[in-house]
Amino acid sequence: MLNAAQLIRLPRKFGKYYDRQFLPLLEKTGLTIREVHVLLFLANHPGQDTARDVTELRGMAKSQVSQAVEVLAGRGLLARRADGEDRRVVHLEITEQGAPLAREAQALQAACGRRLLEGLTEEEQAVFLDLLERVLREMEDLSAEKERWT
């Protein structure tokens with residue numbers, strides 16, 4: 001029997017666990033978790049490199065993304081590049097200085113996922129990840145359907 005309360009709790013509990021894994025990195029760098037989220041998004045999604053992409057696909061508020069980009073650019077971790085065809089579009093790229101930090105954050109992210117699934121066998125992990133992907137696709141479809149009617 002589906003327990004909706006568990007589904008509601010899952011993202012909140014995972015989010016707290018996930019963010020805690022980055023505390024040593026945040027303390028070392030002086031960055032906020034939002035800034036790290038922006039850096040990770042750009043590192044993990046080549047070709048989706050605008051603030052709008054981060055806002056829409058990562059689900060962060062526009063103001064949060066703008067503030068994070070300002071800080072990251074100010075510290076030399078991100079660079080802005082104007083689009084060749086549309087001057088309104090600004091592409092974001094991780095700089096040479098920001099690349100090691102992005103890789104470190106990616107390693108923490110990967111370790112977080114491994115730890116979360118380490119109690120499952122390889123077969124169980126594969127089944128879980130397949131089912132999770134199917135549920136996520138269904139959620140996206142339902143969300144897109146709702147947006148068409150509003």
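Just so we're clear, the structure is a prediction, and the values are computed from it rather than from any experiment.

Participant: Help me out: how do you make sense of the side chain of Asp53 in this one?
Facilitator: Secondary-structure assignment places Asp53 in helix H4 (residues 51-58). Despite being buried, Asp53 has no salt bridge partner; Arg52 is the closest side chain of opposite charge, sitting 6.6 Å away. A polar atom in the side chain of Asp53 sits 2.9 Å from the backbone nitrogen of Asp49. Beyond its immediate stretch of four places on either side in the chain, Asp53 contacts Phe41, Gly47, Gln48 and Arg58.

Participant: Is there a simple way to think about the packing of aromatic side chains in this case?
Facilitator: The geometry of an aromatic ring pair comes down to the distance between the two centres and the angle between the two planes. This structure, assessed with the given rule, holds three aromatic pairs. Three or more aromatic residues link up through ring pairs in this structure, and these residues are Phe14, Tyr17, Tyr18 and Phe22.

Participant: Which parts of the structure should I look at to understand a positive patch on the surface?
Facilitator: Together, Arg9, Arg12, Lys13, Lys16 and Arg20 make up a region of like positive charge exposed at the surface. By the element assignment, Lys13 lies in helix H1 (residues 4-21). Taking relative accessible area as the criterion, Lys13 reaches 56% and is therefore assigned exposed.

Participant: What exactly am I supposed to notice about a negative patch on the surface here?
Facilitator: A cluster of acidic side chains, namely Glu133, Glu138, Glu140, Asp141 and Glu145, defines a negative patch on the protein surface. Relative to the helices and strands, Asp141 is located in helix H7 (residues 122-149).

Participant: Can you walk me through helix H3 (residues 33-44) in this structure?
Facilitator: For an α-helix the count is 3.6 residues per turn, leaving residues at separations of three or four pointing the same way. Taking 1.5 Å of rise per residue, 12 residues should cover 16 Å, and H3 covers 16 Å from first to last C-alpha, within 8% of that figure. With nine of its 12 residues buried, H3 lies for the most part within the structure. Along H3, the positions that sit buried rather than exposed are Ile33, Glu35, Val36, His37, Val38, Leu39, Leu40, Phe41 and Leu42.

Quick notes on the rules
Residues numbered from 1 in each chain as written. Predicted model: local features only at pLDDT ≥ 70, side-chain atom pairs only at ≥ 80, totals over all residues. Heavy atoms only, no water. Helix = DSSP H or I, 4+ residues; strand = E, 2+ residues; numbered from the N terminus. Buried < 20%, exposed > 50% of the residue type's maximum accessible area, 1.4 Å probe, protein only. Lys, Arg positive; Asp, Glu negative; His and termini not counted. Salt bridge = Lys/Arg side-chain N within 4 Å of Asp/Glu carboxyl O. Polar contact = N/O pair within 3.5 Å; in protein donor to acceptor, adjacent residues only side chain to side chain. Contact = heavy atoms within 4.5 Å. Phe/Tyr/Trp six-rings, centres within 6.5 Å; stacked < 30°, edge-to-face > 60°. Patch = residues over 30% accessible without salt bridge, like charges linked within 9 Å, V, L, I, M, F, W, Y side chains within 5 Å. Areas by Shrake-Rupley, 256 points an atom, 1.4 Å probe, with all protein chains shown as cover. Charge placed at Lys NZ, Arg CZ, Asp CG, Glu CD. Expected span 1.5 Å × (residues − 1).

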